[in-house]
Amino acid sequence: MSCKVVLAQGISVSYREELKNTIKTRNICPKLVGFLANEDPAAAKYAEWTAKTCAETGVEFELRKCSRNDLEDKIIEANQDAGVNGIMVYYPVFGDRQDQYLQNVVDVSKDVEGLHHKYVYNMYHNIRFLDEAKTKKCIIPCTPLGLVKVMEYVGVYNGILPHGNRLHGRVVTIINRSEIVGRPLAALLANDGAKVYSVDINGIQEFHRGVGLQLKKHEVSETTLTVEDVLPLSDVVITGVPSPSYKVPSHLIRDGAVCINFSTFKNFDGDEIKKKAAIYVPAVGKVTVAMLERNLVRLYDYQAQDRVSSTA
């Protein structure tokens, strides 16, 4: 069997070590506050991973549990606390538009998850910096960013091409179009040059930057394609279906594809996918947490720059 199974722990090591060294050599201690206002076991597990990784790298992490009806006030308190450098919320809380509202209650300068409208707008419009001088990179949502780093690690990105075009010629299918992961990921990969088939229960959309990457940002078009049509075309298949019963039909995967699962459930049949895929990444959680901390350190530095600017 020629399939290489790549674990998230191995991918995240270099990022964790870099963070640990940065925090130690600069003698800093960024503080991250996480809000848990639901009973979701996956959210509790994510909080557990976050606490453990932060302890290892030197980040101060505080988990604050509250009722969902008190959450908005608690976020505002953290926004106003100069000792807090980053804020995250374990979603879903209400599971509707109120969650989108809460994402924008988090101060943009402390939003480690990149869910504030400013970051979302910039991501979809392929705006990569917050300032004209290009000294402050935009914050990207942690799981989509983690998936990009996984794809870089396994060689999907072509390092010979210029930044922003390194997925030119790649075809990617993402089975998930959630607003938290699937759709942002499709936009990120299309903005980097890929043709992306975004799959959900309502159909398949195509994200792309046109022939020869002539567009500055991706555009989206509806298709009449099916999973049976797009999987055999795909160099990379990424899944995030939140169901224990869902399995990607392995027989449709092209030989030598890269298959990545970010669902808490196993969307690929482990034995069958190893017969088709060249590379299989069964989970990405530890890379996601590493990106969370990376975003935190970045925001810590931006806050320090803003303090200097305000006193100059």
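Residues numbered from 1 in each chain as written. Predicted model: local features only at pLDDT ≥ 70, side-chain atom pairs only at ≥ 80, totals over all residues. Heavy atoms only, no water.

Asker: Would you mind going over unusual backbone geometry with me for this structure?
Answerer: Only a minority of non-glycine residues have a phi that is not negative, and only a minority of peptide bonds are not trans. A cis amide bond, omega 0°, links Y91 with the succeeding residue P92. Within the secondary structure layout, P92 lies in the loop between strand 4 (86-89) and helix 4 (97-105). Positive phi is not limited to glycine here, since N27 has a value of about 55°. Checked against the element boundaries, N27 lands in the loop between helix 1 (8-26) and strand 2 (31-36). Classification of N27 as exposed rests on a relative accessible area of 69%. Phi at L213 is positive, roughly 55°, even though this residue is not glycine. Its place among the elements puts L213 in the loop between strand 7 (203-208) and strand 8 (219-222). (Helix = DSSP H or I, 4+ residues; strand = E, 2+ residues; numbered from the N terminus. Buried < 20%, exposed > 50% of the residue type's maximum accessible area, 1.4 Å probe, protein only.)

Asker: What exactly am I supposed to notice about the sheet that holds strand 3 (residues 60-65) here?
Answerer: Strand pairing in a sheet relies on backbone hydrogen bonds, with the paired strands running either antiparallel or parallel. Pairing is parallel in the open sheet, where three strands are placed in the order 3-2-4. Every interior strand has two partners, whereas the edge strands, strand 3 and strand 4, have only one. Along the sheet, successive strands turn relative to each other by an average axial angle of 20°, direction set aside. Pairing analysis gives six bridges linking strand 2 to strand 3, with the strands arranged parallel. (Pairing = 2+ DSSP bridges. Axes fitted to C-alpha atoms, helices over the stretch in contact; angles between N-to-C directions.)

Asker: Got a minute to help me understand the side chain of T239 in this structure?
Answerer: By the element assignment, T239 lies in strand 9 (residues 236-239). Excluding residues that lie within four positions of it along the chain, T239 makes contacts with I175, V248, I260, N261, F262, S263, N267 and F268. (Contact = heavy atoms within 4.5 Å.)

Asker: What is the right way to look at the pattern of salt bridges in this model?
Answerer: Pairing is possible between side chains that carry opposite charge, provided their charged atoms lie close to one another. Across all of its chains, the model carries 14 salt bridges by this definition. Notably, a salt bridge pairs E48 with K45, separated by 3.6 Å at the nearest N-O pair. Here the residue E48 and the residue K45 both occupy positions in helix 2 (residues 41-57), the gap between them amounting to three residues, near one helical turn. Judged by relative accessible area, which is 48%, E48 ranks as partly exposed. For K45, a relative accessible area of 38% puts it in the partly exposed group. A salt bridge links K136 to D306; its shortest N-O distance comes to 2.7 Å. Of this pair, K136 sits in the loop between helix 5 (117-124) and helix 6 (142-153) while D306 sits in helix 10 (residues 285-311), and the two are 170 residues apart along the sequence. Of the residues examined, K136 reaches a relative accessible area of 16% and is grouped as buried. Connected through salt bridges with shared partners, the residues K31, E60, E62 and R64 form a single ionic network. (Salt bridge = Lys/Arg side-chain N within 4 Å of Asp/Glu carboxyl O.)

Asker: Would you mind showing me how to read the pairing of strand 6 (residues 195-200) here?
Answerer: A regular strand carries its side chains on alternate faces of the sheet. Where strand 5 (residues 171-175) lies against strand 6, five bridges are found, and the strand directions are parallel. Within strand 6, the position partnered with I175 by the bridge is V199. Handedness of the crossover joining strand 5 and strand 6 through helix 7 (residues 182-191) is recorded here as right-handed. With five bridges joining them, strand 6 and strand 7 adopt antiparallel strand pairing. Its bridge partner lying in strand 7, V199 is registered against I204. (Right-handed = clockwise from strand over helix to strand, strands pointing away.)

Asker: Whenever I open this one, the nonpolar core confuses me. Can you help?
Answerer: Side chains of nonpolar character tend, in soluble globular proteins, to be buried together. Core analysis: the biggest nonpolar cluster contains 39 residues, and M151, V172, L189, V196, I238 and I260 have the highest contact counts within it. Residues contacting L189, with those up to four places away along its chain left out, are V148, M151, Y157, L167, V172, I174, A194, V196 and I238. If you look at the next biggest cluster of nonpolar residues, it comprises 21 residues, including V59, F61, Y90 and Y300. (Core = buried A, V, L, I, M, F, W, Y, C linked by side-chain atoms within 4.5 Å.)

Asker: Explain the layout of surface pockets to me, please; I cannot follow it from the model alone.
Answerer: Sizing a probe to match a water molecule and rolling it over the atoms shows the empty space that remains. In this structure, the second largest pocket encloses a volume near 710 Å³. Along its surface, the second largest pocket is lined by 27 residues, and R128, K137, I140, L145 and D192 are the ones closest to its centre. Elements that contribute at least two residues to the lining of the second largest pocket include exactly helix 5, helix 6, helix 7 and helix 10. In terms of residue count, helix 6 provides more of the lining of the second largest pocket than any other element does, four residues in total. (1 Å grid on protein atoms, 1.4 Å probe; cavity = no way out; pocket = protein on both sides within 12 Å on 5 of 7 lines; lining within 4 Å. Points joined across faces, edges and corners; volume = space filled by probe spheres on them.)

Asker: I would appreciate a short explanation of helix 4 in the present structure.
Answerer: For helix 4, the set of buried residues is D99, L102, Q103 and V105. When helix 4 is viewed along its axis, its buried side chains cluster within an angular range of 155° and face the same direction. Packing partners of the buried residues in helix 4 comprise helix 3 (71-80). (Arc of directions from axis to C-beta.)

Asker: Even after reading the chapter, I still don't get the packing of aromatic side chains, so can you show me in this structure?
Answerer: For any pair of aromatic rings, the description consists of the separation of the ring centres together with the inter-plane angle of the planes. In this structure the tally under the stated criterion is two aromatic pairs. On the numbers, 5.5 Å between centres and 85° between planes, the contact of Y46 with Y90 is edge-to-face. On the criterion of sequence distance, the pair formed by Y46 in helix 2 and Y90 in the loop between strand 4 and helix 4 is long-range, its members being 44 residues apart. We classify Y90 as buried; its relative accessible area is 2%. Summarising the aromatic geometry, the rings of F268 and Y280 are spaced 5.8 Å apart at their centres and angled 75° between planes, so their arrangement reads as edge-to-face. In this pair, F268 sits in the loop between strand 10 (258-261) and helix 9 (270-276) while Y280 sits in strand 11 (residues 279-281), placing the two residues twelve residues apart along the sequence. Each member of the pair, F268 together with Y280, is buried. (Phe/Tyr/Trp six-rings, centres within 6.5 Å; stacked < 30°, edge-to-face > 60°.)

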